[in-house]
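Notes for the structure review
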Amino acid sequence: MKLLLDANLSWRLVKKLQNQYPETIHVNQTGLQSPADDNDIWEFAKRLNFVILTFDEDYLNLSLRFGHPPKVVLLKSFHQTSQTVIDLLTSYPKEIEDFYESIDDGLLQIVSS
C-alpha cells in the first residue's frame, strides 16, 4: 500500500511506518510546491495510486465531491501527535488492508477512543 502523508503529519513518520507500510512518503517528498494545495495533493495521489493519510477533513469533502481514486484514510483524534498516528495505524491493520483492497470504498475514518 502506497501511503501519502499529508502536510499536517510529521515527515518523521515515514521512517517509523516503513516496516508496516514500506511505500510511505510525505507530501514534502512529492516535488509539489510547498505548502502544497489540497487539490494538488489529491491529483498527485490519484495519478500515482497513493492513499492519502490525513487529519484534514477537507479531504472528506474532496472524497465526497470527486469519489475515488485516490482513497483517503481520515484520522480523527483529539491528540494529533505522531504517536497517535502510529497507534491508530498499528491498531487497525486488517481494517486498513480491507479498505485498500475494496473497490467500493474510498474513505476510511479511524477514530481514536
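Relevant structure appears above.
Residues numbered from 1 in each chain as written. Predicted model: local features only at pLDDT ≥ 70, side-chain atom pairs only at ≥ 80, totals over all residues. Heavy atoms only, no water.

A count of helices and strands for the protein gives five helices and five strands. Along the protein, from the amino end to the carboxyl end, the secondary structure elements read β-α-β-α-β-α-β-α-α-β. Relative to the globule expectation of 13 Å for 113 residues, the C-alpha radius of gyration of the protein, 13 Å, shows essentially globular dimensions. The C-alpha extent of the protein, read off along each of the three principal axes, is 30 × 30 × 25 Å. With 113 residues in all, the protein has 43% of them scored as buried. Taking the contacts inside the protein whose residues are at least 6 apart along the sequence as the reference set, 51% of them involve residues at least 24 apart. Here the protein has roughly 6600 Å² of accessible surface; of this, 48% comes from carbon and sulfur atoms. Across the protein, the 10 positively charged side chains and the 16 negatively charged ones have centroids separated by 5 Å. (Helix = DSSP H or I, 4+ residues; strand = E, 2+ residues; numbered from the N terminus. Rg over C-alpha atoms; globule rule 2.2 N^0.38 Å. Buried < 20%, exposed > 50% of the residue type's maximum accessible area, 1.4 Å probe, protein only. Contact = heavy atoms within 4.5 Å. Areas by Shrake-Rupley, 256 points an atom, 1.4 Å probe, with all protein chains shown as cover. Lys, Arg positive; Asp, Glu negative; His and termini not counted. Charge placed at Lys NZ, Arg CZ, Asp CG, Glu CD.)

Glancing now at the sheet that holds strand 3 (residues 51-54). Read across the open sheet, the five strands follow the order 2-1-3-4-5; overall the sheet is parallel. If you trace the sheet from one side to the other, it starts and ends with strand 2 (25-26) and strand 5 (107-111), each paired once. Strand direction decides the pairing type here: strand 1 (residues 3-5) and strand 2, joined by two bridges, are parallel. Bridging from a neighbouring strand, Leu-4 pairs with Ile-25 of strand 2. Against the sheet, helix 5 (residues 93-101) makes contact with strand 3, strand 4 (72-76) and strand 5, and its axis sits at roughly 170 degrees relative to strand 5, the strand it touches most. (Pairing = 2+ DSSP bridges. Axes fitted to C-alpha atoms, helices over the stretch in contact; angles between N-to-C directions.)

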